[in-house]
Amino acid sequence: IPALSLSHLTYIYPNKKTALFDISFDVFPGEKIAIVGPNGAGKTTLFLHLNYTFKSKGSIQINGKDISDYKNADRVKEIGIMFADPDNQLFMPTVFDDIAFGPLNLGLSEDEVKKRVKDAMEMTKTTDLKDRVPHHLSFGQKKKVVLASIIALRPKILVLDEPTANLDPKSKRDVLAIIDRLNQDGITTIVATHDVNLLSELADRVIVLNERIIETGTPREIFSDI
Ligand code: ADP
Ligand code: ADP
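Just so it is clear, the structure is predicted and the values come from calculations on it, not from any experiment. (Residues numbered from 1 in each chain as written. Chains lettered and ligands numbered in written order. Predicted model: local features only at pLDDT ≥ 70, side-chain atom pairs only at ≥ 80, totals over all residues. Heavy atoms only, no water.)

1. Focus on the sheet that holds strand β8 (residues 188-193)
What the six strands build is an open sheet, ordered β6-β7-β8-β3-β9-β10; its pairing is mixed. In this open sheet, the two edge strands, each paired with only one partner strand, are β6 (79-82) and β10 (212-217). Neighbour-to-neighbour, the strand axes of this sheet turn through a mean angle of 15°, independent of strand direction. Packed on one face of the sheet, helix α1 (residues 43-50) meets β3 (32-36), β6, β7 (157-161), β8 and β9 (205-210) and runs near 150° to β7. Packing against the sheet, helix α6 (residues 169-184) makes contact with β3, β7 and β8, and its axis sits at approximately 150° to β8. (Pairing = 2+ DSSP bridges. Helix = DSSP H or I, 4+ residues; strand = E, 2+ residues; numbered from the N terminus. Axes fitted to C-alpha atoms, helices over the stretch in contact; angles between N-to-C directions. Contact = heavy atoms within 4.5 Å.)

Here it is as structure tokens:
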């Protein structure tokens, strides 16, 4: 069964702007997917459906179960979403607290929470930042801390909206390496990007979105069309 299945999703903003029209696609476990499309294509709107902020006509199934049938705590174990702006996902007094917040909410033991935070900080190279105030960090550091906070929940699907945008070259390489490593470990990765240079690295399959699905194919197939 698909890890994620969208069926006939349509979303219209209150001002009547259609952001998504009749979106259907399946993502299978372990796949490495890129979603590309220009600014305003609907990528962020789509991802706001995946954390159940937006609800639409059409359906979303995660691991065979309708998204509306998940409790919050169960859904975040299935799917983790990193939005483009890290400031909206950091809210605790220290980096450690931010990364520990999700696992604590799952009701895990203190030892298990500490282990998950330690592992997530190691993977994202944020261990040295553990006592820092998240809002005082650089943009690249914030992105890594948000990524750590999601990794600590150990979701089976990881969704990232423009994870490399506005990063310096070193942070960009670090983030790409983390995504690749997670995918190698069996995590399904779905990355929105408008950097076509990263497609072959980030995706086995590309979905071109612009309000509706324009086409899907391998990076090579998509490249030959643009
Ligand atoms: P992307 O993430 O691909 O840049 P978005 O999902 O942010 O695209 O936006 C999709 C479309 O919906 C765009 O035309 C955008 O201007 C519009 N849109 C986004 N948010 C709102 C909103 N709150 N109200 C009205 N229109 C919106
Ligand atoms: P992104 O490309 O990451 O979606 P945007 O700059 O398109 O970022 O959007 C930033 C914010 O502005 C979002 O919260 C989005 O919902 C809102 N927004 C975007 N377009 C519109 C619009 N046409 N009307 C109202 N709000 C909008």
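2. What about the site of ligand 1?
Taken together, Y13, N15, K17, A19, P38, N39, G40, A41, G42, K43, T44 and T45 make up all the residues around ligand 1. For ligand 1, an oxygen atom lies 3.1 Å from a polar atom in the backbone of A41. Protein contacts shield 64% of the accessible area of ligand 1, which totals 560 Å² for the unbound molecule. With three residues, the single largest contributor to the shell around ligand 1 is α1. (Near = heavy atom within 4 Å. Polar contact = N/O pair within 3.5 Å; in protein donor to acceptor, adjacent residues only side chain to side chain. Areas by Shrake-Rupley, 256 points an atom, 1.4 Å probe, with all protein chains shown as cover.)

3. Here's the deal with the packing of aromatic side chains
Counted according to the given criterion, the structure contains four aromatic pairs. With centroids separated by 5.0 Å and ring planes inclined at 85°, the aromatic side chains of Y11 and Y13 adopt a geometry described as edge-to-face. With a relative accessible area of 27%, Y13 lands in the partly exposed category. Between F91 and F101, the ring centres sit 4.9 Å apart and the planes meet at 90°, which makes this aromatic pair edge-to-face. Residue F91 is found in the loop between β6 and α3 (95-105), and its partner F101 is found in helix α3; the two are separated by 10 residues along the sequence. With relative accessibility at 33%, the residue F101 sits in the partly exposed group. An aromatic cluster is defined as three or more aromatic residues linked by ring pairs; in this entry it consists of Y11, Y13 and F54. Here K55 stacks its cationic end above the ring of Y52, 4.4 Å away from the centre of that ring. (Phe/Tyr/Trp six-rings, centres within 6.5 Å; stacked < 30°, edge-to-face > 60°. Buried < 20%, exposed > 50% of the residue type's maximum accessible area, 1.4 Å probe, protein only. Lys NZ or Arg CZ within 6 Å of the ring centre and 35° of its normal.)

4. Looking at α6
Here α6 is 16 residues long and its end C-alpha atoms lie 22 Å apart, about the 22 Å a rise of 1.5 Å per residue gives. Along α6, the residues classified as buried are S171, D174, V175, L176, I178, I179, L182 and N183. Looking at the buried side of α6, the elements it contacts are β3, α4 (110-124), α5 (139-151), β7, β8 and α7 (199-202). Where α6 ends, the next residue or the one after it, G186, has phi of about 105°, a positive value. (Expected span 1.5 Å × (residues − 1).)

In short, the description is geometric, and any link to function would need to be established separately.
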